[in-house]
Amino acid sequence: MPVSLEKVTVHVPEIRISQPQIQTEVAVRESVPPAAPAEVSAIRKYLLSRSDSAVADRLFHWLMVLCALSIFAIVVLIAWRLVVSSQVTWDRFGLGFFYKSFVNPDTHQRIYWDPVNEQFSAVPFVYGTLVSSFLALLIAVPLGVGLAIFMTEMCPRMLRGPLAFVTELLAAIPSIIYGLWAVFVLVPLLREHVNPLLVKLLGWSGLVANDNPTGLGFLAGGVILSIMILPIISSLTREVMTAVPHSQREAVLALGATRWEMIRMGVLRNARIGIVGAIILGLGRALGETMAVTMVIGNTPEIHKSILSNGTSMAAVIANEFTEAVSDVHRSALIEIGLALFIVTIIVNVIAQLLVWAVTRGTPSQAH
Amino acid sequence: MNGETFKMRARLRALTDHTVTALSIAATIIVVTPLVAIFAYLVIRGASSLNLDFFIKVPKPVGENGGGMANAIVGSGVLLAVASAIGVPMGIGGGIYLAEFGRGTKLANAVRFTADVLNGVPSIVMGLAIYSLVVVPQRTFSAFSGGVALGIMMIPTVCRTTEEMLLMVPHAVREAALGLGVPNWRSVLSITVKTASPGIITGCMLAFARVAGETAPLLFTAFGNPFMTTTLNRPIEALPLQIFVYANSPYDDWHRLAWGGALVLILLIVLAVSLVRYVTSRGVLKGAS
């Protein structure tokens, strides 16, 4: 899912930060106080209440309030429908849905997901989502922060615009196109070159095993996810780093620090909470990402230690099986996975939002 | 500290500094590479499959070569029209509330926060919710349900951009309108919103571009349909859905069509993003000053 960067934005944090700048700009040009008066003056209120259009005004006001309230309504409706539709599974498996496994009566093997015998457990999906998201963060965080450092502290001015445009484009490419590219370009690349190399280098750890000739699997999912969450992490990190006042940098430089020491002590230390927020926001995106992951993760509900094995994720199983689910239990099990995804992403987003707001409002980080 | 160790430390610090510089340059290059690769592949493999047939023909039966994606292009148009009809007015309305009526109130803060959280809800979950809200009562997959799913996903983006743009309109403009005796609703609609309209339109374009590429919420709402249709209460094809099906198929000719569809989709999106950049860089509120 793309996020836009710059001023016209989807995510608050960026807006939160860029807003004061925009407003000061306006204030300088127009000499209007930057903060609008929060309350309408008594005279204005009186005049408005007496005017011919008082009824129309009130109607308009309430119409707008209704539009705003619809956002609450949507969230409540989503939650309510998901809870109601997943009731069957909840009654049958309870909380065990998220940690139990079953034994297949015929083969006596341990299984988790058996639509034929109507035995369902979300364990392999939770595992797959966690593993692929973790791999994505592992790759995207150093790259994203590195890009942000380059763009705010080192980059020549003329490169800054194009680079911002590039990250913006990366954010705007739809999931399905990442998936298409991954299937035809990335997976063969991993299969032919990267995976054998990894097996040779890290085969001893048991985390990479040469048992999957397709090139699909957790690693492919993780790599494509990392490309998709990079723009969020790097643009947010850039915004928080820009928000660190210049005096901080100058103070550290004046003490004789090199550029890296200045970045580490003057910038990263002040922006760290915001950077953590950016990473968590990227995690939220990675957890819910569907199409690209579905196309490359392999879609087998099993748990493997090796990151080169086929697996599946919560979003991927919904996308794959929902239209083909015939029994009510199967469908409601998938909806329950969706509900879990909904709750987790909301929690992750709220935490990230609060962290980024904390920095950009300048409360905790400025204390150092 | 004696001179020798001091020199050593200085050299070490300089070395660290250079290493970090090199690493961050490397990171930048690694980030730019996939973008270049994706675009190169899209252009190379997509351009060769774009011809007139692609735009005016519906898919051929399995096994036959040729055919196009006309049904998917029309379907995407229908879905996006429904989505915009829902998402744009509600989003702009919410944005007007946040910027004009609710400034600083608790309710406005709560709405703003919820909009941002809603924005982070995975699109597949949105699809599930719309399935049980619209598809189940309707007893059929339909273009309408797909449009609703996309429209709801547009609301937070449109709402927040509208708010941002309205906040940039100077207060004097509003006061001038009110001072002339213009009713408040009129002043909001024909003065404030109109002043900020380039920004609001770009926000809508951005939301539009974003949902144009969404696949996950359409899987079990619009569902897909190999025939040309514009009826709202029947399943309908969409460009991203078609790409998904074709990319997973074993046929080379379908892969070719998938790349073509992807190129069309990305051109639409790049156009929208560039337009947004162009308008915002020119200063959205030229008319206001």
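Broken down by element type, chain A carries 13 helices and four strands. Taken over 368 residues, chain A has a buried fraction of 57%. In chain A, 75% of the contacts between residues at least 6 apart in sequence involve partners at least 24 apart. When the accessible area of chain A is evaluated, it comes to approximately 16100 Å², of which 65% is carbon and sulfur surface.

To continue, consider the domain arrangement of chain B. All names here are of chain B. For chain B, the assigned domains read domain 1 (3-47) and domain 2 (55-288). When each unit is reduced to the centre of its C-alpha atoms, the spacing between domain 1 and domain 2 is 37 Å. Facing the seven residues of domain 1 at the interface are six residues of domain 2. Here domain 1 meets domain 2 over a buried area of about 600 Å², counting both sides, of which 84% is carbon and sulfur. Applying the counting criterion to the domain 1 and domain 2 interface returns zero salt bridges. If you look at where domain 1 meets domain 2, you find zero residue pairs in polar contact (both at pLDDT 80 or more). Residue classes in the side of domain 1 that touches domain 2 are distributed as five nonpolar, one polar and one charged.

Scanning the model with the defined rule gives 11 salt bridges over all chains in all. Overlapping salt bridges bring together R112(B), D116(B), R160(B) and E163(B) as one network.

Moving on, we come to the packing of aromatic side chains. Considering all chains together, one arrives at 17 aromatic pairs over all chains under this definition. An aromatic cluster of at least three residues, connected via ring pairs, comprises F93(A), F97(A), F98(A), F102(A), W113(A), F120(A) and F125(A). Sitting over the ring of W80(A), R81(A) keeps its end group 5.0 Å from the ring centre. Between R45(B) and the ring centre of F184(A), over which it is positioned, the NZ or CZ distance is 5.6 Å.

In this section: helix α10 (residues 259-288) of chain A. An α-helical turn contains 3.6 residues, so a residue and the one three or four places further along point in the same direction. All names here are of chain A. In a regular helix each residue adds 1.5 Å, so 30 residues correspond to 44 Å; α10 covers only 38 Å between its end C-alpha atoms and thus falls short of that length. Maximal helix bending in α10 amounts to about 60 degrees, located at R272. Counting buried positions over the 30 residues of α10 gives 22, a clear majority of the element.

To continue, consider the nonpolar core. In a soluble, globular protein the nonpolar side chains are often hidden away together inside. Grouped together as the largest cluster of nonpolar side chains are 188 residues, with contacts concentrated most on I78(A), I177(A), Y178(A), I224(A), I337(A), F342(A) and I124(B). Considering every element that reaches this core, the biggest residue donor is helix α5 (residues 123-154) of chain A, with 14 residues. Counting contributing residues per domain, this core is built from domain 1 (3-47) and domain 2 (55-288) of chain B, each supplying no fewer than three. The residues touching Y178(A), leaving out its near neighbours within four places in the chain, are L170(A), I173(A), I224(A), I227(A), M228(A), A292(A) and I38(B).

Now for the state of the cysteines. Under the definition given, this model contains zero disulfides over all chains. There is no disulfide at C67(A), and the cysteine sulfur nearest it, in C159(B), is 9.0 Å away. Exposure remark for C67(A): the relative accessible area of 14% places this residue in the buried category. The class for C159(B) is buried, based on a relative accessible area of 0%.

Let us now look at the interface of chain A and chain B. It is common to give the size of an interface as the accessible area that goes away when the parts come together. Taken residue by residue, the interface counts 97 residues in chain A and 101 residues in chain B. Of the roughly 8900 Å² buried where chain A meets chain B, counting both sides, 79% is carbon and sulfur surface. At the junction of chain A with chain B, the criterion picks out one salt bridge. A salt bridge links R13(B) to E261(A); its shortest N-O distance comes to 2.8 Å. Residue contributions to the side of chain A that touches chain B peak at 19 residues, all from helix α3 (residues 54-85) of chain A.

It is worth spelling out the environment of N225(B) at this point. Residue and element names in this part refer to chain B. Here N225 lies in the loop between α9 (197-212) and α10 (239-247). As a C-alpha pair, N225 and P235 span 10 residues in sequence and 5.9 Å in three-dimensional space. Beyond its immediate stretch of four places on either side in the chain, N225 contacts N71, P235, I236 and E237.

What counts as what
Residues numbered from 1 in each chain as written. Chains lettered and ligands numbered in written order. Predicted model: local features only at pLDDT ≥ 70, side-chain atom pairs only at ≥ 80, totals over all residues. Heavy atoms only, no water. Helix = DSSP H or I, 4+ residues; strand = E, 2+ residues; numbered from the N terminus. Buried < 20%, exposed > 50% of the residue type's maximum accessible area, 1.4 Å probe, protein only. Contact = heavy atoms within 4.5 Å. Areas by Shrake-Rupley, 256 points an atom, 1.4 Å probe, with all protein chains shown as cover. Domains from an automatic or database assignment. Buried area = accessible area lost by both parts, 1.4 Å probe. Salt bridge = Lys/Arg side-chain N within 4 Å of Asp/Glu carboxyl O. Polar contact = N/O pair within 3.5 Å; in protein donor to acceptor, adjacent residues only side chain to side chain. Nonpolar A, V, L, I, M, F, W, Y, C, P; charged D, E, K, R; others polar. Phe/Tyr/Trp six-rings, centres within 6.5 Å; stacked < 30°, edge-to-face > 60°. Lys NZ or Arg CZ within 6 Å of the ring centre and 35° of its normal. Expected span 1.5 Å × (residues − 1). Bend = angle between axes of the 7 residues up to and from the residue. Core = buried A, V, L, I, M, F, W, Y, C linked by side-chain atoms within 4.5 Å. Disulfide = S-S within 2.5 Å.

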